[in-house]
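Per-entry structural report
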Amino acid sequence: MSNELATQGSTGHKDPVHNQQQNADQLQERLKDVRIECYYQLWTYFIPLNKQEELITTPVIENEIRREDVKGECQDPKACAIWTNEHAKQLFTILSYLGKGGSWIHRMYRDGVSDDDLPLVPEKQGNRVVRLRRKSDKGVIPTFDTWRDGDLEEFVRLQWWVLVPRFDMHNLKCQEFREETVLPLMEAKSKGALDEVIPQMKLAGFSTVTAYQIHSAHHNFWSLCSIPEDEQPRVAIKTLLDTDNEEEYEKERSILEKLGPYNHRHLIKLLSTYRLKKQYSFIFPCAQANLRNFWEMRKQPTFDKVTLLWSITQMYGLASALELIHNFKTTIDLKPPGGVLLDDNLKIKVKKGEEKFGRHGDIKPENILWFKEAWENEEARKSKEVDMMGILKITDLGLGRFHGRESRSNVDPKTVNATPTYEPPECKLEKPVSRAYDIWSMACLYLEFVTWLLEGPEAIHDFADARGQRREALLTIDDRIYTIVRDPIINDDNFFTILRDENNARSAVIREAVVEWVERLHTHRNCSKAIHELLDLTMNHLLRPYSDQRIDSSSLKIEMRNILEKAKFNPDYLEPRPHESLRLSPSAATSQNNPPRRSVRFDTWPTTHSPPRSPS
């Protein structure tokens, strides 16, 4: 296109004025042809950077100057064209879109106006734009003094269609955008389960996540992959609802930035950040589904060695990602000022010494994303390790904010659509929280994962219903009567039960329904030795009522690696080996000093052991 514009001469035309207008109109029309409508803002467009490079070249600029400068004001069109292409390409693009490129750019050249002066600042009298100033020194540009008010207003509006930002994944510092900035966002082409879930989905009441396509000329996110332009993955833009909340933004941004170079396969990667209209936003790769969606989409999972090995691989990967988060020391204090106020008026604080260690704080299936493919680089994309079942990644790093249950100055916790399902007992016991908080949550997720694997997604709902069923209000242990503490109206689906003795002291035990459900899984016809060991690991070392009873993330990673290695190299390890029916005691599941053993069987709910005392 640009060559055609550059080589069309004016010789042979009887009307040079008509000819120059015709060619100016031609470039203007071609710019209009390549413009793209901004998906989130009707009747607003942007001209992609690659099209600006393609259409606006030195020969084209020189040709336009020679055609339109009928009075011969420009003494050296070639020098002006070279300077314009190097220093004022965007300015020339704006002028050309207005049909004024060749006739005005040499005057901008004369006045030294370049792209460095953009965006030009309007000077108004009432509602009328009467002058344009440089952004740097605010000096008035004499060239525009002869322009009509309407043309000045059009320049001010259309300059934003050309000054469209480009995102660089290697620079995660916040880009500050003017309110008028047009982002290069297009309607998402590739479809996934999240299309129905997040065109505008609120996460924990504090942010929105929207799926978009960013024009390929305005980012380098997939530069390490050989991806055709028409197959570019979508991105998910997470926008914090709290305006001007720089502290919360910086917590998440800084840790994501520092975790990024590790390129962990099971941890979401931050691509870029920006601030627009006082709101902070993060750009991430967009998943095809979250883990909850993934389970629901597979109503009857194929139970074979491939599915089982994939599931164990992903659970190991999540444990490995959590270890990276937990062993990363931040430079920012993650201790919430004044503690965290829960929506039931309980207050929790961060355990001393844990303030600067990374924590997630909201591990649940909705915060585990499923990607059909990996896009980190070409090697990851083609890796056989990421098979046709995809890869899971931890996202929405609360990192100590506990945002699903946290009260903020301008958010009523009663309006937050969050669930305390996966939170540990220390929240209700008002004990300091630590990285062990995430270990409990991971245990809950593992139990649901195994439930889906053996019985499908409906069984996950049945599991929640079983935990939510009301039982006797009193529990007798060692001839002492304990009152079960619960909401008088709402049945929660926690994995633990809070007990209160006659002195009003509180303690925690694993909920009876959880113990019964794990027994059910052990006796399932497809339960293999691998699943038995996974369930034992979860109940013995992760789902423990008190935080000091739980293993840390490094130990969890080692244990899961052992299970994975045996699953890879021992075929019998994945063969069904269901246990006979047995009962686990809440005491065995909760004893502070004696973890439960699978060799112990109970035919009835035992009452021979007292619940452990809450550690101080």
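For the structure, check the block above.
If you're wondering where the values come from, they're calculated on a predicted model, not measured in any experiment. (Residues numbered from 1 in each chain as written. Predicted model: local features only at pLDDT ≥ 70, side-chain atom pairs only at ≥ 80, totals over all residues. Heavy atoms only, no water.)

**Considering the overall build of the chain**
Just so we agree on the cut-off: Helix numbering and strand numbering both begin at the N terminus, where a helix is a DSSP run of H or I of at least 4 residues and a strand a DSSP run of E of at least 2. Partly exposed describes any residue whose relative accessible area lies between the buried limit of under 20% and the exposed limit of over 50%, with all areas from a 1.4 Å probe on protein chains only and scaled to the type maximum. Only heavy atoms enter the contact rule, under which two residues are in contact if any of them lie within 4.5 Å. In these tables, accessible area is a Shrake-Rupley quantity obtained with a 1.4 Å probe, and a residue counts as shielded only by the protein chains included in the view.
Within the chain, the secondary structure is distributed over 19 helices and 20 strands. A burial count over the chain gives 57% of its 616 residues as buried. At a minimum sequence separation of 6, the contacts of the chain that also span at least 24 residues come to 70%. When the accessible area of the chain is evaluated, it comes to approximately 27,800 Å², of which 47% is carbon and sulfur surface.

**A word on the nonpolar core**
What counts here: What is meant by a nonpolar core is a set of buried Ala, Val, Leu, Ile, Met, Phe, Trp, Tyr and Cys residues, joined one to another through side-chain atoms within 4.5 Å.
The biggest cluster of nonpolar side chains holds 85 residues, and the ones touching the most others in it are Y446, L543, L556 and M560. Counting 45 residues, the second-largest nonpolar core is a separate cluster that includes V34, C74, F144 and V156.

**Some details on the pattern of salt bridges**
Using the following cut-off: Basic side-chain nitrogens of Lys or Arg form a salt bridge, by our definition, when they fall within 4 Å of a carboxyl oxygen of Asp or Glu.
With the rule as written, the count across this model stands at 30 salt bridges. As a salt-bridge pair, K51 and E54 come within 3.5 Å of each other at their nearest N and O atoms. Of the two residues, K51 and E54 are both situated in helix α3 (residues 49-55); the distance of three residues between them amounts to about one turn of the helix. Of the residues examined, K51 reaches a relative accessible area of 25% and is grouped as partly exposed. Taken together, the shared-partner salt bridges connect K100, R148 and D151 into one network.

**Description of the environment of Y39**
Tracing the backbone shows Y39 in the loop between β1 (36-37) and β2 (45-46). For the pair formed by Y39 and M186, sequence separation is 147 residues and the distance between their alpha carbons is 4.9 Å. With near-sequence residues (within four places) excluded, Y39 lies in contact with L185, M186, E187 and Y212.

**As for the packing of helix α6 (residues 89-97) against helix α7 (residues 101-111)**
For the record, the criterion: To obtain each axis, a line is fitted to C-alpha atoms, and for helices this fit is confined to the stretch in contact; angles are then taken between N-to-C directions over 0 to 180 degrees. Each crossing gets its handedness from the near helix: less than a right angle anticlockwise from the far helix is left-handed, clockwise is right-handed. As a working rule, the residues Ala, Val, Leu, Ile, Met, Phe, Trp, Tyr, Cys and Pro are called nonpolar, Asp, Glu, Lys and Arg charged, and the rest polar, with Gly in that last group.
Two elements in contact, α6 and α7, have axes separated by 8 Å at closest approach and are oriented at 145 degrees. In the packing of α6 onto α7, the handedness of the crossing is right-handed. Taking contact as the criterion, the partners of L91, F92, L95 and S96 in α6 are, on α7, G101, G102, W104, I105 and M108. Here the contact of α6 with α7 is composed, by residue class, of six nonpolar, three polar and no charged.

**A closer look at unusual backbone geometry**
Between L118 and the following residue, P119, the backbone shows a cis peptide bond with an omega angle of 0 degrees. Tracing the chain through its elements places P119 in the loop between α7 and β3 (121-125). Its identity as a non-glycine residue notwithstanding, N263 has a phi of 50 degrees, on the positive side. Residue position: N263 is located in the loop between α9 (246-259) and β10 (272-276).

**Some remarks on the sheet that holds strand β15 (residues 368-371)**
Threshold: Any two strands with at least two DSSP bridges between them are considered paired.
Sheet architecture is open: three strands sit in the order β12-β15-β16, paired in antiparallel fashion. The open sheet terminates on both sides in strands that have one partner only, identified here as β12 (289-290) and β16 (391-394). As paired strands, β15 and β16 are joined by four bridges and run antiparallel to one another. Bridge pairing in β16 links F371 to I391. Sitting on the sheet, helix α11 (residues 305-326) touches β15 and β16, and the angle it makes with β16 is about 25 degrees.

**Comments concerning the environment of E448**
Rules: Any pair of N or O atoms that falls within 3.5 Å is considered a polar contact. Within protein, one atom must be able to donate a hydrogen and the other to accept it, and sequence-neighbouring residues count only if both atoms are side-chain atoms.
Relative to the helices and strands, E448 is located in helix α14 (residues 436-455). C-alpha separation for the pair E448 and F463, spaced 15 residues apart in sequence, amounts to 8.2 Å. Here the side chain of E448 touches Y422 through a polar contact of 2.8 Å, side chain to side chain.

**Points about the packing of aromatic side chains**
Put simply, the rule reads: Two rings from Phe, Tyr or Trp (for Trp, the six-membered ring) form a pair when their centres are within 6.5 Å of each other. A pair whose planes differ by under 30 degrees is stacked, one over 60 is edge-to-face, and the rest are tilted. Criterion for a charge above a ring: Arg CZ or Lys NZ at most 6 Å from the ring centre, at most 35 degrees from the ring normal.
As enumerated under the stated definition, the model contains 25 aromatic pairs in all. Taking the centre distance of 5.2 Å and the plane angle of 35 degrees together, the rings of F294 and W310 count as tilted. Separated by 16 residues along the polypeptide, F294 in helix α10 (residues 291-297) and W310 in helix α11 bring together distant segments of the chain. Like W310, F294 is buried. For the ring pair W310 and F449, a centre distance of 6.4 Å and an interplane angle of 55 degrees mean the geometry is tilted. Of the two residues, W310 sits in helix α11 while F449 sits in helix α14, which places them 139 residues apart along the sequence. An identical accessibility class is assigned to W310 and F449; each is buried. Ring pairing ties together the aromatic residues F294, W295, W310, W370, F449 and W452, which thus form one cluster. Sitting above the plane of the F463 ring, R467 keeps its charged end 4.5 Å from the centroid.

**Topic: the environment of Q279**
Tracing the chain through its elements places Q279 in strand β11 (residues 279-285). If we skip the residues at most four places from it in the chain, Q279 touches T239, L240, L241, T243 and Y274.

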